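Below are the chains, spelled out letter by letter.
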Amino acid sequence: SQQGEEDPQALSIQEGENATMNCSYKTSINNLQWYRQNSGRGLVHLILIRSNEREKHSGRLRVTLDTSKKSSSLLITASRAADTASYFCAPTYNTDKLIFGTGTRLQVFP
Amino acid sequence: DAGVTQSPTHLIKTRGQQVTLRCSPISGHKSVSWYQQVLGQGPQFIFQYYEKEERGRGNFPDRFSARQFPNYSSELNVNALLLGDSALYLCASEQGYMNTEAFFGQGTRLTVV
């Protein structure tokens, strides 16, 4: 399967804490993208990291990529209740489609 | 700039009926993709169209079809609806057609009864 596998499936934290979620994949990629989905709504693109990059930042988000281990992590620092959502990784290949796993459901309690 | 717009937002259909979902991409985007998301799962790729040509097709039966119009808007058509077709249908637009950031609409929630 070409989809990414997110881990953990669910994560509950308090506001102000950091949240880390991981993504593993099986074959070489062109890039890897992270998306957020608030309950039952459309996905929002967070970060795209290319296969030759190791780390990327966007505001409170930090994404790392380890191509030797075929894994990526998404760190959200100083979480807020508004960060409550499902987070999906999408490893991308020489194809035309995004392949999503089942995601990590993050719950941030006030 | 308007984002990706989908219509309708909600729809209830009966088994065996046919449904058409619509999507308008972001202005300047020439690629439209369709995804199906059933409850508790990630979105599954159905189709991609780029410059009005089909560029990719997922593992869905022939009951699913789509097209893209000269203004780059798109329609997804599903015939002979089954209960299992109940899902959130998402449309995404991109500037290119491969390995670029995708912008998603809010989806159409289809319920088949």
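Preceding this paragraph is the structure being described.
Reading the values: rules and limits
Residues numbered from 1 in each chain as written. Chains lettered and ligands numbered in written order. Predicted model: local features only at pLDDT ≥ 70, side-chain atom pairs only at ≥ 80, totals over all residues. Heavy atoms only, no water. Helix = DSSP H or I, 4+ residues; strand = E, 2+ residues; numbered from the N terminus. Rg over C-alpha atoms; globule rule 2.2 N^0.38 Å. Buried < 20%, exposed > 50% of the residue type's maximum accessible area, 1.4 Å probe, protein only. Areas by Shrake-Rupley, 256 points an atom, 1.4 Å probe, with all protein chains shown as cover. Lys, Arg positive; Asp, Glu negative; His and termini not counted. Charge placed at Lys NZ, Arg CZ, Asp CG, Glu CD. Disulfide = S-S within 2.5 Å. Pairing = 2+ DSSP bridges. Axes fitted to C-alpha atoms, helices over the stretch in contact; angles between N-to-C directions. Salt bridge = Lys/Arg side-chain N within 4 Å of Asp/Glu carboxyl O.

> Before we go on, may I ask you to explain the overall build of chain A in this structure?
The number of helices and strands found in chain A is zero helices and 10 strands. Reading chain A from its N terminus to its C terminus gives the helix and strand order β-β-β-β-β-β-β-β-β-β. What you see for chain A is a C-alpha radius of gyration of 13 Å, in line with the 13 Å of a compact globule of 110 residues. The principal-axis extents of the C-alpha atoms in chain A amount to approximately 40 × 25 × 20 Å. Counting every position in chain A, which comprises 110 residues, the buried fraction comes to 46%. Accessible area of chain A: about 5100 Å², with a carbon and sulfur share of 43%. Between the averaged position of the 13 positive side-chain charges in chain A and that of its 10 negative side-chain charges there is a distance of 4 Å.

> What is the right way to read the state of the cysteines from this model?
In a disulfide, the sulfur atoms of two cysteines are held together by a covalent bond. Throughout the structure, instances matching the rule amount to two disulfides over all chains. Here A:Cys23 connects covalently by a disulfide to A:Cys89, the sulfurs 2.0 Å from one another. Given an S-S torsion of about 70 degrees, the disulfide between A:Cys23 and A:Cys89 has right-handed geometry. Here A:Cys23 is found in strand E3 (residues 19–24), whereas its partner A:Cys89 is found in strand E9 (residues 85–92), with 66 residues between them in sequence. Of the residues examined, A:Cys89 reaches a relative accessible area of 0% and is grouped as buried. Each disulfide pairs two cysteine sulfurs, and for B:Cys23 the partner residue is B:Cys91, the sulfurs being separated by 1.8 Å. Residues B:Cys23 and B:Cys91 are joined by a disulfide whose S-S torsion is about -60 degrees; by sign, that bridge is left-handed. One end of the pair, B:Cys23, is in strand E3 (residues 19–24); the other, B:Cys91, is in strand E9 (residues 87–94), and 68 residues separate them in sequence. Note on B:Cys23: relative accessible area 2%, which makes it buried.

> Which parts of the structure should I look at to understand the sheet that holds strand E2 (residues 10–14) of chain A?
Two orientations exist for strands paired in a sheet by backbone hydrogen bonds: parallel and antiparallel. All names here are of chain A. With mixed pairing, the five strands of this open sheet are ordered in space as E2-E10-E9-E4-E5. Across the chains shown, the open sheet's two edge strands, defined by having one partner strand only, are E2 and strand E5 (43–50). Pairwise comparison of adjacent strand axes, ignoring direction, gives a mean angle of 25 degrees for this sheet. With three bridges connecting them, E9 and strand E10 (residues 104–109) associate as antiparallel partners. Paired with Tyr 87 across the strands is Thr 104, a residue of E10.

> Whenever I open this one, the pattern of salt bridges confuses me. Can you help?
Two side chains of opposite charge can pair, provided their charged atoms sit close to one another. Going through the model one piece at a time under the given rule, you end up with eight salt bridges over all chains. A salt bridge links A:Glu55 to A:Arg62; its shortest N-O distance comes to 3.2 Å. Owing to a relative accessible area of 31%, A:Arg62 belongs among the partly exposed residues under this scheme. The closest approach of N and O atoms between B:Glu75 and B:Arg67, which form a salt bridge, is 3.3 Å. Classification of B:Arg67 by relative accessible area gives partly exposed; the value is 47%. What emerges from the salt-bridge pattern is a single network uniting B:Arg22, B:Arg67 and B:Glu75.

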